[in-house]
Amino acid sequence: MDWGRMSRAERDASYNNSAAVPERDALTAERIAASKAFRDARPGHLDLAYGPGERNKWDLFPAADAGAPCLVFVHGGYWQANRREDFCAVGEGPASHGWSLALPGYTLAPEATLTQIVAEIHAALDWLAANGKPHGIAGPIILSGWSAGGHLTAMGLSHPVVKAGLAISGIFELGPIRDTYLDEKLKLTDEEIATLSPLRLPAVPKPLAITYGTAELPPLVADSRDLNALRAAAHQPGLLLPVAGANHFTIFNELRSPGGQLTRLALELAR
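Here the structure is a predicted model, which means the values were calculated and not measured.

Quick notes on the rules
- Residues numbered from 1 in each chain as written.
- Predicted model: local features only at pLDDT ≥ 70, side-chain atom pairs only at ≥ 80, totals over all residues.
- Heavy atoms only, no water.
- 1 Å grid on protein atoms, 1.4 Å probe; cavity = no way out; pocket = protein on both sides within 12 Å on 5 of 7 lines; lining within 4 Å.
- Points joined across faces, edges and corners; volume = space filled by probe spheres on them.
- Nonpolar A, V, L, I, M, F, W, Y, C, P; charged D, E, K, R; others polar.
- Helix = DSSP H or I, 4+ residues; strand = E, 2+ residues; numbered from the N terminus.
- Buried < 20%, exposed > 50% of the residue type's maximum accessible area, 1.4 Å probe, protein only.
- Contact = heavy atoms within 4.5 Å.
- Salt bridge = Lys/Arg side-chain N within 4 Å of Asp/Glu carboxyl O.
- Polar contact = N/O pair within 3.5 Å; in protein donor to acceptor, adjacent residues only side chain to side chain.
- Pairing = 2+ DSSP bridges.
- Right-handed = clockwise from strand over helix to strand, strands pointing away.
- Axes fitted to C-alpha atoms, helices over the stretch in contact; angles between N-to-C directions.
- Left-handed = near helix turned anticlockwise from the far one by under 90°.
- Phe/Tyr/Trp six-rings, centres within 6.5 Å; stacked < 30°, edge-to-face > 60°.
- Lys NZ or Arg CZ within 6 Å of the ring centre and 35° of its normal.

## Quick word on the layout of surface pockets
Right, so step 1: Put simply, the largest pocket is a space of about 340 Å³.
Right, so step 2: Along the walls of the largest pocket sit 20 residues, with Ser18, Arg24, Gly77, Tyr78 and Ala81 positioned nearest its centre.
Right, so step 3: Partitioning the lining of the largest pocket into residue classes produces seven nonpolar, nine polar and four charged.

This is the structure:
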């Protein structure tokens, strides 16, 4: 992609996942309905505050075994949309293997800057490290997230409580974002682009699996491949998994299924 020669409309389209997937609304509605059913059936540890903000809350779904691995899943939405409650179903795969599941919320842009959002994820992990055990979560933490949550996974990998990461369809270079409609709410600064782009930072020495659908938009594919290459050059553990035929919204199926590719990948990361 010759970014410098592209029009604003072309740049916007290159990051517009919703427009790129015609069935997006139906897929999203099904996920939200499944997540509501999952959450309604497990009401014991919901809306647990980790900070002062309205969205600074956890939904925890502890396994029968407190020492079981826990998938912490960070939702996406380009840091400015969606909510944790609507993503519980994506953890159905690991949960079927006896895992705990935990979903943190975070303040959205423009109410929060990206610097503040990253700090909130670290604050959420601080809270989980201190308070997870009384809520039945005391096993290894595998941090995961999708889209913007994939970025937040890469930024949260360094937290001491995190054993490994699973970044799904993430954005790892922020520079081009400032040239698109996404920056109307994010208002990224030069410092944020330099310090919050995983592709500009030293590789964290923990396992990080990076995955994307082969039907994703080109910048997301490139970011995933580039981050894996950067980490491989630094001799850091992890792997790159292209999910054949998956787009930005169907890739969830591989984490919702007990035998899905992303479920199996999560199980490997916990070993």
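Picking up after the structure, the text goes on.
## Quick look at the side chain of Thr107
Right, so step 1: As for its position among the elements, Thr107 is in the loop between β4 (100–104) and α5 (114–131).
Right, so step 2: According to the relative accessible area criterion, Thr107 is buried, its value standing at 9%.
Right, so step 3: Apart from the residues within four sequence positions on either side, Thr107 is in contact with Arg55, Asn56, Ala112, Ile117 and Glu120.

## Side note on the environment of Pro219
Right, so step 1: Tracing the backbone shows Pro219 in helix α9 (residues 218–233).
Right, so step 2: Along the primary structure Pro219 and Asp40 are separated by 179 residues, whereas in three dimensions their C-alpha atoms are 37 Å apart.

## A word on the pattern of salt bridges
Right, so step 1: Within this structure, the stated rule accounts for 16 salt bridges.
Right, so step 2: With a closest N to O distance of 2.7 Å, Arg256 and Glu30 form a salt bridge. Of this pair, Arg256 sits in helix α10 (residues 253–256) while Glu30 sits in helix α3 (residues 24–40), placing them 226 residues apart in sequence.
Right, so step 3: Exposure remark for Arg256: the relative accessible area of 16% places this residue in the buried category.

## A look at the side chain of Glu120
Right, so step 1: Relative to the helices and strands, Glu120 resides in helix α5.
Right, so step 2: At a separation of 3.1 Å, a polar atom in the side chain of Glu120 contacts the side chain of Asn56.
Right, so step 3: Apart from the residues within four sequence positions on either side, Glu120 is in contact with Tyr50, Asn56, Tyr106 and Thr107.

## Points about the pairing of strand β6 (residues 162–168)
Right, so step 1: The buried fraction of β6 is high, at six of seven residues.
Right, so step 2: Note: strand β5 (residues 141–146) against β6, six bridges, orientation parallel. Paired with Trp146 across the bridge in β6 is Ile168.
Right, so step 3: Each parallel crossover has a hand, and the one from β5 via helix α6 (residues 148–156) to β6 is right-handed.
Right, so step 4: As paired elements, β6 and strand β7 (residues 208–213) share four bridges and run parallel to each other. Paired with Ile168 across the strands is Thr211, a residue of β7.

## Focus on the packing of α5 against α6
Right, so step 1: At a minimum axis distance of 10 Å, the contact between α5 and α6 shows a crossing angle of 65°. In this structure, α5 crosses over α6, and the sense of that crossing is right-handed. Contacts from Leu114, Ile117, Val118, Ile121, His122 and Leu125 in α5 reach His151, Leu152, Met155 and Gly156 in α6.
Right, so step 2: Taken together, the residues of the contact of α5 with α6 break down into seven nonpolar, three polar and no charged.

## Topic: the packing of aromatic side chains
To describe a pair of aromatic rings, one takes the distance between the centres and the angle between the planes.
Right, so step 1: This structure, assessed with the given rule, holds seven aromatic pairs.
Right, so step 2: Between Phe73 and Phe87, the ring centres sit 6.2 Å apart and the planes meet at 25°, which makes this aromatic pair stacked. In this pair, Phe73 is assigned in strand β3 (residues 70–74) and Phe87 in the loop between β3 and α4 (92–96), connecting sequence segments 14 residues apart. Pair check on accessibility: Phe73 and Phe87 agree, each one buried.
Right, so step 3: Here Tyr78 and Trp79 contribute two aromatic rings whose centre-to-centre distance is 6.2 Å and whose plane-to-plane angle is 40°, an arrangement assigned as tilted.
Right, so step 4: Here a set of aromatic residues connected by ring pairs shows up, and it is made of Phe73, Phe87, Trp146, Phe249 and Phe252.
Right, so step 5: One cation-aromatic arrangement involves Arg31 over Phe87; the distance from NZ or CZ to the ring centre is 3.9 Å.
Right, so step 6: Above the plane of the ring of Phe38 lies Arg42, whose end atom (NZ or CZ) is 3.8 Å from the centre.

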